[in-house]
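# Residue-level structure breakdown
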Amino acid sequence: MQEFTLEELVELIEAHAGEPDEGELDVSVVDVLFQELGYDSVQLLEVVSQIKARYGLDLAEGILAEMRTPRQVLDTINELLRSRQHDGMGNGMTVHTSSGAFDLSHNDASSLHAQQLLLLACGGRLARVVYTLAELGVADVVADGPLDIDTIAEKAGADAVSLYRVLRCAASVGIFVEGPTRTFGLTPLAEGLRSDNPNGVLPLVRYNNIELTHRPFDEILHSVRTGEPSFERTLGVSFPDYLSANPEVGRFFDQFMSFWSRQFVEEELEQYRFERFTSLADLGGGDGFFLAQVLKRHPEMSAYLYDYPSVVAKAGPLLEEFGVRERVEIEGGDLTRADVPAGYDAYLLKAVLHWQNDEQAEGILKEIRRKMGDNAAARLLVFDSVLDPGNAWDHGKFLDVDMLVLFGGRERTFDDWTALLRRSGFELVGQPNVFHWTLLEAKPV
Ligand SMILES: C[S@@+](CC[C@H](N)C(=O)[O-])C[C@H]1O[C@@H](n2cnc3c(N)ncnc32)[C@H](O)[C@@H]1O
């Protein structure tokens, strides 16, 4: 069962009401009146609003009067969580059973549908609500503390009545919290929409809501019925051509890719052990940012960079900026038809094969294998998503649907990867450390 703990309460009090007047907030003060600890009712109301948002609880007006000590808060909240569980409205139900069926024995199926299935099925609408709040920068507006709706609307450039309705909808699922007198503040989920949050999801929210991704998803039924992508069908041109024709979207897409690829560069570089190689072909290497980081650390290494012409067009100045341009041969084209150069120690495909269906991926890999010839020391480095099998949560399962709809590509399980590599003339070297994004190193066989 869900339980609201003293540690959580302390964390919320310290974050939203500050430190006590004296001493520490710990088990020793669990029965001391909040008043004696130096907290007033406005501060406590804010803490209660946070609890309400975190657990999606519907707390009655006046409940504060029953919660005069930390223990009373814990007891009241846990009692509410318990009764919600018994009503079948909680999240504590067992969804997976050994028989594979849904166990709804402790749940009333109609309320489960109303709350959970409906929420998921209306997710598209909720995504637009989140997108709107992200575009208006509401999380930044209330970054220093809750504000009333008129002030938020003025700062965000929105109509106060409409913004109130959209914020109220978001707050019903824990994104922002409505406090007294139509004020709104941040919640842990809303923190993810702040522009100064390095772990925030603003670029992802925007990416998922612009025409580039949104329109093809209108035709997801087509993709699922036929197995074909819906990009060209809805937008009339291929993905790279769309980006070239819409330079503003192209710039945003580049920034979005950079946002992901630049986040983990240090960790990734460690894994590849590039010091083993004197030459590297980065296929689908984008604007060359990752390659530039490799070359900067390995001054003896020479390289080859390949991507669509419109993409590699941006690589020259970037490689120049990192002082490695003269060591890189750049070529533009379509990888599924490329004549990959022979003679490189390592061939890298980083987040590229998931754009391809199995036939295309196999074609690219076989071309690399051909060019490795009889150089048994040559290595293929594939960095891509490895899907969690079964019902486990994995963001890759969403990305997989993206790949289907946008490119006709796919994410792969470990078994899928092993089979694809084998069919293409490769064998895995060692046992990869499988995370969501995984480095698969293979040798020619
Ligand atoms: C997700 S990005 C990864 C970029 C880069 N490897 C990185 O990790 O930062 C995928 C890249 O593959 C390129 N790509 C996908 N399919 C391609 C194809 N058929 N021909 C050329 N480039 C392709 C895209 O243009 C894009 O730059």
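Everything below is about the structure printed above this text.
### Overview of the overall build of the protein chain
- Helices and strands together make up the secondary structure of the protein chain, namely 23 helices and 11 strands.
- Within the protein chain, the proportion of its 445 residues that are buried is 45%.
- Counting contacts in the protein chain only where the partners sit at least 6 residues apart, residues at least 24 apart contribute 62% of the total.
- Carbon together with sulfur atoms contributes 52% to the accessible area of the protein chain, which is approximately 23,000 Å² in total.

### Notes on the side chain of Asp287
- With respect to the secondary-structure elements, Asp287 resides in the loop between strand S4 (279-283) and helix H18 (289-297).
- Polar side-chain contacts of Asp287 include one of 3.0 Å to the backbone nitrogen of Phe289.
- Filtering out sequence-adjacent residues up to four positions away, Asp287 remains in contact with Ser258, Arg262, Leu305, Val311, Lys314, Ala315 and Leu318.

### Looking at the environment of Gln35
- Locating Gln35 in the fold gives a position in helix H2 (residues 34-37).
- According to the relative accessible area criterion, Gln35 is exposed, its value standing at 66%.
- Along the primary structure Gln35 and Thr69 are separated by 34 residues, whereas in three dimensions their C-alpha atoms are 8.6 Å apart.

### Comments concerning the site of the ligand
- If you check the shell around the ligand, you find 16 residues, and the closest are Gly284, Asp307, Asp334, Leu335 and Lys350.
- With respect to the ligand, the side chain of Tyr308 contributes an N or O atom lying 3.1 Å from a nitrogen atom.
- Within the backbone of Leu335, one N or O atom sits 2.8 Å away from a nitrogen atom of the ligand.
- For the ligand, the accessible surface in isolation is 580 Å², of which the surrounding protein chains cover 91%.
- Among the residues forming the shell around the ligand, the class breakdown is seven nonpolar, six polar and three charged.

### Describing the nonpolar core
- In this structure, Leu283, Tyr347, Leu349, Ile368 and Leu380 are the most contacted members of the largest nonpolar core, which totals 28 residues.
- At the level of elements, S4, strand S5 (302-307), strand S7 (346-350), helix H21 (358-372), strand S8 (379-387), helix H23 (414-423), strand S10 (426-428) and strand S11 (437-444) are the ones that each hand at least two residues to this core.
- Counting residues per element, this core draws most heavily on H21, which supplies five residues.
- Those residues in contact with Tyr347, other than ones at most four positions away along the chain, are Ala281, Leu283, Val340, Pro341, Ala342, Ile368, Lys371, Met372, Arg379, Leu380 and Leu381.

### Remarks on a negative patch on the surface
- A cluster of acidic residues, Glu14, Glu19, Glu24 and Asp26, forms a negative patch at the surface.
- By the element assignment, Glu19 lies in the loop between helix H1 (6-16) and H2.

### A word on the packing of H1 against helix H3 (residues 41-55)
- Between H1 and H3, the least distance of the axes is 9 Å, while the angle of their chain directions is 130°. When the interaxial angle is binned, H1 and H3 end up oblique. For H1 against H3, the interelement crossing comes out right-handed. Residues Glu8, Leu9, Glu11, Leu12, Ile13 and His16 of H1 lie in contact with H3, whose contacting residues are Glu46, Val47, Gln50, Ile51, Arg54 and Tyr55.
- Classifying every residue of the contact of H1 with H3 gives six nonpolar, two polar and four charged.

About the cut-offs
- Residues numbered from 1 in each chain as written.
- Predicted model: local features only at pLDDT ≥ 70, side-chain atom pairs only at ≥ 80, totals over all residues.
- Heavy atoms only, no water.
- Helix = DSSP H or I, 4+ residues; strand = E, 2+ residues; numbered from the N terminus.
- Buried < 20%, exposed > 50% of the residue type's maximum accessible area, 1.4 Å probe, protein only.
- Contact = heavy atoms within 4.5 Å.
- Areas by Shrake-Rupley, 256 points an atom, 1.4 Å probe, with all protein chains shown as cover.
- Polar contact = N/O pair within 3.5 Å; in protein donor to acceptor, adjacent residues only side chain to side chain.
- Near = heavy atom within 4 Å.
- Nonpolar A, V, L, I, M, F, W, Y, C, P; charged D, E, K, R; others polar.
- Core = buried A, V, L, I, M, F, W, Y, C linked by side-chain atoms within 4.5 Å.
- Patch = residues over 30% accessible without salt bridge, like charges linked within 9 Å, V, L, I, M, F, W, Y side chains within 5 Å.
- Salt bridge = Lys/Arg side-chain N within 4 Å of Asp/Glu carboxyl O.
- Lys, Arg positive; Asp, Glu negative; His and termini not counted.
- Charge placed at Lys NZ, Arg CZ, Asp CG, Glu CD.
- Axes fitted to C-alpha atoms, helices over the stretch in contact; angles between N-to-C directions.
- Parallel < 35°, antiparallel > 145°, perpendicular 65-115°, else oblique.
- Left-handed = near helix turned anticlockwise from the far one by under 90°.

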